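Residue-level structural notes
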Amino acid sequence: MTHSHAPAPPDSMEALAERVDTAIAEVRKLDEGARSKALDLKAAVEAFHKAGLTRIVQHLKADPRGKELLFALVEEPIVYALFSMHGLVRADLATRVARVLEMVRPYMQSHGGDVELAEVRGDTVFVRLHGACNGCSMSAVTLRDGVEEAILSQILEIRAVEVLPNEPGPALIGLDAIGVRGAETGWVRGPRVDQLPPGTMARMDAGTADVLLVNLDNRLSAFRNACAHQGMPLDGGLLDPTDGTITCPWHAFCFDAGTGECLTAPQAQLEPFPLRVQDGFIWVRPC
Ligand code: FES
């Protein structure tokens, strides 16, 4: 079983988009006649899809339950990309930026930080960062980079992210987040072991950290619930008990479910937490 440099699954958004880009690049190399025929074909297929999708959206919008479903669908990055490609969704920029920040917020908060959207002006997003995101420690820089990367990679119209100085406010880091802990302190009780059957994962709120619990063949592990790629939550991902991997739901990075080793980008790694079982409960010690 070798997973090093495993390519993205063929039906992932990255793989599909890359396939389209590669084909278009090839078409552009064709001579004039062939190229225009191929581009006509592309335009015809897209027009067909747009007409069908438009009808689907119209029907869904006409019914309150359909509308709800439509909103849920648009949350799926691939559906969103498809709809925007055909001009069927046009959330304003600020809403889309706020949506991206909502996705990174749990990760920031689990690191004692937070982010606030101040304004979107032109192609620039202005944010304020709080708590552990302030200062120049490695983790502050990593958190700031994470916010910037998440916005720039998901909203193509945005070209810059600026951090505004903070207005004075209450400290956001709880004392327990910075307190020194001995080996026997800091354990947080999670669910009962029998609530995490083999081949399943669960999210656990451990106070200072959002934790991902994994049961692979009765071998239990705990990791910070943050993908090593962009820090997005992993609990909606896919645990494959046959090859012992977790696939991130966001961009399909693949991880060894026992060790947290990233099999897509070998230098990355999920952050493991100590775990023990006592009196039928799972206990985790988030750092
Ligand atoms: S956040 Fe991108 S693969 Fe997980």
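Rules used in this analysis
Residues numbered from 1 in each chain as written. Predicted model: local features only at pLDDT ≥ 70, side-chain atom pairs only at ≥ 80, totals over all residues. Heavy atoms only, no water. Salt bridge = Lys/Arg side-chain N within 4 Å of Asp/Glu carboxyl O. Helix = DSSP H or I, 4+ residues; strand = E, 2+ residues; numbered from the N terminus. Buried < 20%, exposed > 50% of the residue type's maximum accessible area, 1.4 Å probe, protein only. Pairing = 2+ DSSP bridges. Axes fitted to C-alpha atoms, helices over the stretch in contact; angles between N-to-C directions. pLDDT = per-residue confidence, 0-100. Contact = heavy atoms within 4.5 Å. Arc of directions from axis to C-beta. Parallel < 35°, antiparallel > 145°, perpendicular 65-115°, else oblique. Nonpolar A, V, L, I, M, F, W, Y, C, P; charged D, E, K, R; others polar.

Right, let's get into the pattern of salt bridges. The final tally for this structure, using the stated rule, is twelve salt bridges. For the salt bridge of E157 with R96, the shortest nitrogen-to-oxygen distance reads 2.9 Å. With a gap of 61 residues between them, E157 in the loop between α6 (138-154) and β3 (160-163) and R96 in helix α5 (residues 93-110) connect regions that are remote in the sequence. A residue is classified by how much of its surface remains accessible, and E157, at 39% relative accessible area, is partly exposed. Where E116 meets R128, a salt bridge forms, and the shortest distance between an N and an O atom there is 3.8 Å. With E116 in strand β1 (residues 113-121) and R128 in strand β2 (residues 124-131), this residue pair connects regions lying twelve residues apart in the sequence.

A few words now on the sheet that holds strand β12 (residues 275-278). Pairing between the strands of a sheet comes from backbone hydrogen bonds, and it takes one of two forms, parallel or antiparallel. Taken in spatial order, the three strands of this open sheet run β4-β13-β12, and their pairing is antiparallel. The outermost strands of the open sheet, each flanked by one partner alone, are β4 (188-192) and β12. Between one strand axis and the next, the sheet turns through 30° on average, direction left out of account. Pairing between β4 and strand β13 (residues 281-284): three bridges, direction antiparallel. Counted as the bridge partner of V188 is V284 from β13.

It is worth spelling out the sheet that holds β1 at this point. One open sheet holds the three strands; their spatial order is β1-β2-β3, and the pairing between them is mixed. Either end of the sheet is taken by a strand with one partner, and the two such strands are β1 and β3. Strand-to-strand, the axes of this sheet are offset by a mean angle of 30°, without reference to chain direction. Pairing of β2 with β3 involves four bridges; the strand directions are parallel.

What follows deals with the confidence of the model for the protein. Of the residues in the protein, 87% have a pLDDT of 70 or more, and the chain-wide mean is 81. The lowest-confidence element of the protein is helix α7 (residues 175-178), averaging 35 in pLDDT; the highest-confidence one is strand β5 (residues 200-205), averaging 93. Here residues 167-183 is a poorly scored stretch, pLDDT under 50, and it has 17 contacts once near neighbours within four places are set aside; other chains count.

If you trace the backbone, L234 turns up in the loop between β7 (219-224) and β8 (238-240). You can call L234 buried: its relative accessible area is 0%. In the structure, L234 is positioned ten residues away from R224 in sequence and 9.0 Å away in space, judged by C-alpha atoms. If we skip the residues at most four places from it in the chain, L234 touches M201, L212, N225, A226, C227, I246, C248, P249, F255 and L270.

Before going further, it helps to examine helix α4 (residues 77-85). Because each turn of an α-helix spans 3.6 residues, side chains separated by three or four positions in sequence point in the same direction. Residues V79, Y80 and F83 constitute the buried set of α4. Each buried residue of α4 sits inside an arc of 100° when the element is viewed along its axis, so together they form one side. Looking at the packing, one finds that the buried side of α4 touches α2 (32-61), α3 (64-74) and α5. Backbone geometry just after α4 places G87 at a positive phi near 65°.

As a further point, take the packing of α2 against α3. Relative to each other, α2 and α3 sit at 130°, their axes nearing to 6 Å. On the basis of the axis angle, α2 is oblique to α3. In contact with V57, L60 and K61 of α2, α3 contributes G66, K67, L69, L70 and L73. Classifying every residue of the contact of α2 with α3 gives five nonpolar, one polar and two charged.

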